[in-house]
Amino acid sequence: RYVAPHLLMQYIIAAFLPEPLQTELAQLRAELDIWSGYWLPPHMTIIRPFSIELSATDIAEILRPVHCTAQLVRWSSFRNPGANVVFLEVAQAPFQQLRRDLLVRVPKLGQGDKSGDPEAQFAENPHYHLTVAAHIPDNMINQVLSKVSQKTYLNVFQLNKINLFFREGNGFWETVFK
């Protein structure tokens with residue numbers, strides 16, 4: 001039986017930052033992005049949205065403690081007309097290894113993505129980054145980049161925990177465990 005991918009439960013695996021960095025970036029996001037309350041807090045996506053059935057064992061394996069050194073590299077942006085994104089680039093190698101480790105823990109993570117194409121989820125090389133603000137109007141993106149470039153969050157820190165979020169249909173993202 002075929003079920004349209006957009007109607008399935010979707011998950012995303014992401015990492016938050018240690019405090020006080022997480023709170024500081026959440027405050028900055030609230031200043032810059034009027035829609036920030038509708039999305040996940042500032043985070044680093046490890047595995048982008050996917051739609052497969054996860055058992056309690058799968059979820060426990062995903063949420064098992066991790067050891068990853070993260071490094072914020074520089075401010076940058078994705079320019080999408082009407083919905084520009086400001087982010088901090090993240091050193092790629094540690095997240096590539098973390099992603100490989102997750103695939104070993106839960107092999108079925110490689111079975112599908114939100115498009116319904118099982119190969120698409122892991123075929124491309126992801127661009128790991130920390131989204132700080134999205135939905136920035138075209139006429140404000142340069143001003144926002146100028147403002148954030150004065151912030152000095154470029155540092156190295158340990159990640160010990162990743163988070164699993166879900167949403168049904170086109171709903172809002174929620175954490176698996178509150």
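Look a little higher up for the structure.
Residues numbered from 1 in each chain as written. Predicted model: local features only at pLDDT ≥ 70, side-chain atom pairs only at ≥ 80, totals over all residues. Heavy atoms only, no water.

A.B. asks: Run through the pattern of salt bridges, naming residues and quoting values.
C.D. replies: What the rule picks out here adds up to 3 salt bridges. E31 is the salt-bridge partner of K147, the closest N and O atoms lying 3.0 Å from each other. Note that K147 is positioned in helix α5 (residues 141-148) and E31 in helix α1 (residues 21-32), a separation of 116 residues in sequence. The closest approach of N and O atoms between E61 and R64, which form a salt bridge, is 2.6 Å. Overall, E61 belongs to the partly exposed group, its relative accessible area being 25%. (Salt bridge = Lys/Arg side-chain N within 4 Å of Asp/Glu carboxyl O. Helix = DSSP H or I, 4+ residues; strand = E, 2+ residues; numbered from the N terminus. Buried < 20%, exposed > 50% of the residue type's maximum accessible area, 1.4 Å probe, protein only.)

A.B. asks: Go over the packing of aromatic side chains with me, naming the residues and quoting the values.
C.D. replies: Overall, the coordinates contain 3 aromatic pairs when judged by the stated rule. Measuring from ring centre to ring centre gives 5.6 Å for F16 and F165, while their planes differ by 55 degrees; the resulting arrangement is tilted. With a gap of 149 residues between them, F16 in the loop between β1 (9-15) and α1 and F165 in strand β7 (residues 163-168) connect regions that are remote in the sequence. A residue is classified by how much of its surface remains accessible, and F165, at 5% relative accessible area, is buried. (Phe/Tyr/Trp six-rings, centres within 6.5 Å; stacked < 30°, edge-to-face > 60°.)

A.B. asks: Account for unusual backbone geometry, naming residues and giving values.
C.D. replies: Glycine aside, a negative phi is what most residues show, and trans is what most peptide bonds show. For the bond from E19 to P20, the omega torsion is 5 degrees, close enough to zero to count as cis. Along the chain, P20 turns up in the loop between β1 and α1. The phi torsion at H135 lies on the positive side, around 60 degrees, for a residue other than glycine.

A.B. asks: Give me the lowdown on the pairing of strand β3 (residues 68-78), citing residues and values where you can.
C.D. replies: As paired elements, β3 and strand β6 (residues 156-159) share 4 bridges and run antiparallel to each other. Opposite A70, over in β6, you have F157 as the bridge partner. Sheet topology note: the β3/strand β4 (residues 84-90) ladder contains 5 bridges and is antiparallel. Within β4, the position partnered with S76 by the bridge is F87. (Pairing = 2+ DSSP bridges.)

A.B. asks: Outline the layout of surface pockets, supporting the account with residue identities and numerical values.
C.D. replies: Approximately 270 Å³ is the volume found for the second largest pocket. Forming the walls of the second largest pocket are 15 residues, and the residues nearest its centre are F16, K161, I162, N163 and F165. Contributing elements (two or more residues each) for the lining of the second largest pocket: β6 and β7. With 3 residues, the top contributor of residues to the lining of the second largest pocket is β7. Classifying every residue of the lining of the second largest pocket by side-chain character gives 10 nonpolar, 4 polar and 1 charged. (1 Å grid on protein atoms, 1.4 Å probe; cavity = no way out; pocket = protein on both sides within 12 Å on 5 of 7 lines; lining within 4 Å. Points joined across faces, edges and corners; volume = space filled by probe spheres on them. Nonpolar A, V, L, I, M, F, W, Y, C, P; charged D, E, K, R; others polar.)

A.B. asks: Run through the environment of I141, naming residues and quoting values.
C.D. replies: Checked against the element boundaries, I141 lands in helix α5. Along the chain, I141 and G82 lie 59 residues apart, while their C-alpha atoms are 9.8 Å from each other. What I141 contacts, discounting residues up to four positions off in sequence, is S77, R79, N84, V86 and I136. (Contact = heavy atoms within 4.5 Å.)

A.B. asks: With reference to specific residues and values, describe the sheet that holds β6.
C.D. replies: Spatially, 8 strands are ordered β6-β3-β4-β5-β2-β1-β7-β8 in an open sheet, and the strand pairing comes out antiparallel. A single partner strand is all that each edge strand has here, and the edge strands are β6 and β8 (174-175). As defined by bridge partners, β4 adjoins strand β5 (residues 129-136) across 5 bridges and the pair is classed as antiparallel. Note on β5: the bridge partner recorded for N84 is I136. In this fold α5 packs onto β3, β4 and β5, with an angle of close to 30 degrees to the strand it touches most, β4. (Axes fitted to C-alpha atoms, helices over the stretch in contact; angles between N-to-C directions.)

A.B. asks: Just give me the short version of the nonpolar core, but keep the residues and values in it.
C.D. replies: Counting residues in hydrophobic clusters, the biggest one holds 44 residues, and the most contacted among them are I13, L25 and L109. Those residues in contact with I13 that lie beyond four places of it in its chain are M44, T45, I46, I47, F50, I62, L102, L109, I162, N163 and L164. Of all hydrophobic cores here, the second largest spans 5 residues; its members include I12, L40, F165 and W173. (Core = buried A, V, L, I, M, F, W, Y, C linked by side-chain atoms within 4.5 Å.)

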